[in-house]
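# Structural description and commentary
Below are the chains, spelled out letter by letter.
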Amino acid sequence: MEHIRNFCIIAHIDHGKSTLADRLIQHCGGVEERAFRDQILDSMDIERERGITIKSNTITLPYTAKNGKTYELNLIDTPGHVDFSHEVRRSLMSCEGALLLVDASQGVEAQTVANLYLALEYDLEIIPVINKVDLPSADPDRVREEIDSDLGLDPFAAVLCSAKTGLGVDDVLEAIVEHLPPPKGDANAPTQALVFDAQYDIYRGVVMLCRVKEGFLRKGQELLLMHTQKTYHIEELGLLRLQRMPQKELGPGSVGYVICGVKSVRDITIGDTLTLVDNPAPKPLPGYKEAKPVVFSSMYPMASDDYGDLVKALDKLALNDAALTYEKDSSAALGFGFRCGFLGLLHLEVVQERLEREYDLSLLLSAPSVSYKVNLKTGEQVEIDNPMYFPDPTEIESTEEPYIKASILIPERYIGAMMELCRERRGENTVFRYLTRERVDLTSEMPLAEVLFDFYDRLKTLTQGYGSFDYEITDYRISDLVKVDILVNGEPVDALSQLAHRDRARPRALHYCEKLAETIPKQQFKIAIQGVIGGKVIARSTINAFRKDVTAKCYGGDITRKRKLIEKQKEGKKRMKMVGAVEIPQTAFIAVLKSDSGK
Amino acid sequence: MAAPGTPAAPRGAPGLYVHVPFCSAICPYCDFAVQVGNDVKARQLVDGLCREIETVAEPWRLLVAGPSTAAPFDSLYFGGGTPSFLGTDGLGRILDHLRQHLPVDDDARLFFEANPEDVTPRSLAAWRHLGVDTLSLGVQSFDDATLAFLGRRHRAEDAHQAVAMARQAGFCTLSIDLMYGLPGQSEDSWRRTLEQATALQPDHLSCYELEIHRRTTFGKRYAKGQLHPMPDDQQADLFVTTHRWLEDNGYLGYEISNFARSPRHRSRHNRKYWDHTPYLGIGPSAHSFAGNRRWWNEPSFATWKRHLDQGNSAKAGEEILQPHDLTLERLMLALRTRRGIDLQEIRETYGCDLMQLNAERIEHYVTAGLLRHEEACLRPTLQGWIVADSLAAGLSVQG
Ligand SMILES: Nc1nc2c(ncn2[C@@H]2O[C@H](COP(=O)(O)OP(=O)(O)OP(=O)(O)O)[C@@H](O)[C@H]2O)c(=O)[nH]1
Ligand code: SF4
Ligand SMILES: [Mg+2]
């Protein structure tokens, strides 16, 4: 156990976690030279394409230190994006230490701070690592200062390295074995192992990743999952190299995988404790609260025939993505679909992209919404994340929307611009404090709905890329919410309904009306498009009727030519969704919903 | 009830169409299969038509009648082009040949298209003598500037005289063709043409909107930006004006472009195209239809003639119509008529329960004032007529 080190790499997005993992893997001979590729742990297509990590990845590396001893390093590479901070949290649970990377030119950013706090919550030993020192714009001294002032860590403990060139990687490895503590655990105690992650293997089912705290896990044993109270038979266990490496047993302190015939990730809970049926532990390890979805949107197949395929695809995808929630939904305009819950907009995009790419589906998503609380006159409280179920205003006593506390790190020259942005987004109690002379930490209490969409982009633009932002959901606050419906010739287009703060309703509705007027083709009659709250019209646009669609002459008996023309028209109509008598092309929905984030 | 979608039992006597692909000059908007004719070509045409009549007689009989005797044609239509190119002798020869080889009803109506410049007391007498019942005159306009623009070979005065003479010659039905929706045409100018036309008291009027076709002279001028077609909105307004005005003046529009002084002057021949009555077309580019089959002839005069000279059929193509094709055609054509869609007919002859398939859609059409649902028919309103094609395209014909 003395020779085991369990640690994860945490940082703000893009500070080089996965690249450092590459160097560590190569240094320890964890991969053959010809099998290597950049960010080797990012195995999903979408991760590779976007150059970001979405899922944490675990690998066990053998390392022979300068002291001549060989260590077993269990490394976990984590994602940096806020949407996936639950992945970071899980990873932290199974570690004694963490490498906190800071980009030598960007310095400390919002998720650097957020991830540090997370690590401290789990009592982890932290090694600050200043990465990308090879960059011409690298300024390690300034970053040291920030490590001191922003993070309160010992700046002199920081290791300098370049994950790109490999410079300083030995120092990182030595620091891991020297400064991070080995795991503690009693080999003779009843077995306790923490399930900190799970993968799905199409051949083997669920592969649980676990960290053994006490005792041993051995092949063939009868397992008990303490939370679900289900028992399983251990079919295989072992270490996680780039491929799984089966072992006979996993001892205290070690990190590995267990396969025991679980069919879906939904059958287990991350944070559950594994013990043995024969000699169960008296109580489970401290658990872990699964991340709850914060953004909701309905997903419809473009072609209603594809609904069956969507069901299958979601079921499969969910085997691997426990955070995704989905339930059947249906829209008069778009047919059958699913109401899905996501951890954030990036998560939503990732899910959509994976469904479209891996399952060859073409999807339409309704306007994303957060989850609101509605206090009814009856005294009852209901949670609403789907505008379709928003109660009648006459039954509503009050409505509440989720608030966050945003923490925004910016150079002090952008204070004015950021205060203004926060005000625009209904921020309250916006305050700032100086971290150093040039940098401030601005905090603001804002409705979640206001930051979900383009807040981050606006922040980046306003601060010329120097600002960063993190948030946590804090509470629900009374807020004047309304349901905005879009009517096309008096018929509501349910998929376009949305919940919004009263002040936001009009511009949103107007935007929808205008977009629809641009994209719905003229039809045989005038089309009125209205944005309404209750019965009250707050925005409108019109599409004039086309006046003529008939040819004057049907030549002699050549009816065939004419029929072909009409068949062509009919063909075009197949790609339309009917709302009342109005045909709305899918392109109109896409145009409206795509541009939604801009408003 | 017939097998769904197969109007197996012909719904009336078949019609015969003869295409004469010649004109003395080609109008700049014309996209018919026509060319400038002369006496030599005209003789070749008459020979060719006679040969074609011989060639098609037996297959036609087999197709429409099977083992029994084929129903006789009750309408013979000479169109084009300019049928007067056949000459009196030619027309006579063809009629004889038709009667000899094909079953022709004794009371068959004879339709003949002619241009005002061809109308003389002599030609009128000859046509009457040969039995022409309905004469359609390609007047197009009573405005000289318009006639010049359209490249017509007559003037307003010729048209007046031609109509007046024809009127006196005593045809059962005298029809005149007019054109509107021309570039820059004012409502007033069109109304004056309508006034002059009705003052001559024809029995029937056909009013067509000008369409610009790509390969015509007008089409080319349009492509170069030298010709500005009337915008759809204005054409639509003129369409309404035309129907209202003519109705007020005793000519009821029984189809999008056709108006008659009384029901008996409605075209017996054209109706067959609209309701799947069998018809046989001879001459270049002519179309034929029977049962669930439509076929058409070589459009080029030269090719058509060569095939016949070599003892072959002049047929260029054929299609077998599926039940839904037939239904769609029937709907699209019925929506062009005043009577509209007869729901029972669609159900019984085409096996399609339109109301069940399109309940909501039809209700919306009715609410939008495009259709009227009355007497088990779906009748297009004036507004509905203008968008008739899109109405047809909006209806589902199969579940
Ligand atoms: N110049 C330089 N570039 C680096 C270094 N380390 C990483 N990068 C680059 O920084 C970018 C981000 O690297 P990643 O390793 O994907 O960053 P990450 O922290 O894993 O990002 P997320 O997983 O999305 O949070 C890539 O383009 C790397 O090539 C370094 O030491 N020097
Ligand atoms: S007279 Fe009729 S058929 Fe002949 S060219 Fe003119 S429009 Fe065409
Ligand atoms: Mg990464």
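Residues numbered from 1 in each chain as written. Chains lettered and ligands numbered in written order. Predicted model: local features only at pLDDT ≥ 70, side-chain atom pairs only at ≥ 80, totals over all residues. Heavy atoms only, no water.

### Description of the interface of chain B and chain A
Residue-level contacts link 44 residues of chain B with 30 residues of chain A. Carbon and sulfur atoms supply 56% of the area that chain B and chain A bury against each other, a total of about 3400 Å² over both sides. At the boundary of chain B and chain A, one finds seven salt bridges. Between the two partners, chain B and chain A, sit 15 residue pairs in polar contact (both at pLDDT 80 or more). Taken together, the elements giving at least two residues each to the side of chain B that touches chain A come down to strand 8 (204-209), helix 8 (232-248), strand 13 (293-297), helix 11 (323-334), helix 13 (354-367), helix 14 (382-386) and helix 15 (388-394) of chain B. Here the residues of the side of chain B that touches chain A are counted per class, giving 22 nonpolar, nine polar and 13 charged. (Contact = heavy atoms within 4.5 Å. Buried area = accessible area lost by both parts, 1.4 Å probe. Salt bridge = Lys/Arg side-chain N within 4 Å of Asp/Glu carboxyl O. Polar contact = N/O pair within 3.5 Å; in protein donor to acceptor, adjacent residues only side chain to side chain. Helix = DSSP H or I, 4+ residues; strand = E, 2+ residues; numbered from the N terminus. Nonpolar A, V, L, I, M, F, W, Y, C, P; charged D, E, K, R; others polar.)

### Quick look at the side chain of Thr78 of chain A
Residue and element names in this part refer to chain A. One can find Thr78 in the loop between strand 3 (70-77) and helix 3 (85-93). You can call Thr78 buried: its relative accessible area is 0%. A polar side-chain atom of Thr78 sits 2.7 Å from the main-chain carbonyl oxygen of Ile9. Residues contacting Thr78, with those up to four places away along its chain left out, are Cys8, Ile9, Ile10, Lys17, Thr53, Ser56, Val88 and Ser91. (Buried < 20%, exposed > 50% of the residue type's maximum accessible area, 1.4 Å probe, protein only.)

### What to know about the sheet that holds strand 2 (residues 57-64) of chain A
Sheet strands pair via backbone hydrogen bonds, and the direction of the pair is either parallel or antiparallel. Residues and elements named next belong to chain A. Strand order across the open sheet formed by six strands is 2-3-1-4-5-6, with mixed pairing between neighbours. Every other strand in the sheet has two partners, leaving strand 2 and strand 6 (159-160) as the edge strands with one partner each. Bridge count for strand 1 (residues 4-11) against strand 3 is six bridges, and the pairing is parallel. Paired with Arg5 across the two strands is Leu73, which belongs to strand 3. In the packing of helix 6 (residues 169-179) onto the sheet, contacts are made with strand 1, strand 2, strand 3, strand 4 (97-103), strand 5 (125-131) and strand 6, and the angle to strand 5 comes to roughly 170°. (Pairing = 2+ DSSP bridges. Axes fitted to C-alpha atoms, helices over the stretch in contact; angles between N-to-C directions.)

### Looking at the pattern of salt bridges
Pairing between side chains of opposite charge can happen when the charged atoms of each approach one another. Residue and element names in this part refer to chain A. Summed over all chains, the structure comprises 65 salt bridges over all chains. With a closest N to O distance of 3.0 Å, Asp197 and Arg90 form a salt bridge. With Asp197 in strand 7 (residues 192-201) and Arg90 in helix 3, the pair connects residues that are 107 residues apart, well separated along the chain. Judged by its relative accessible area of 3%, Asp197 falls in the buried class. Look at Arg90 and you get buried, because its relative accessible area is 3%.

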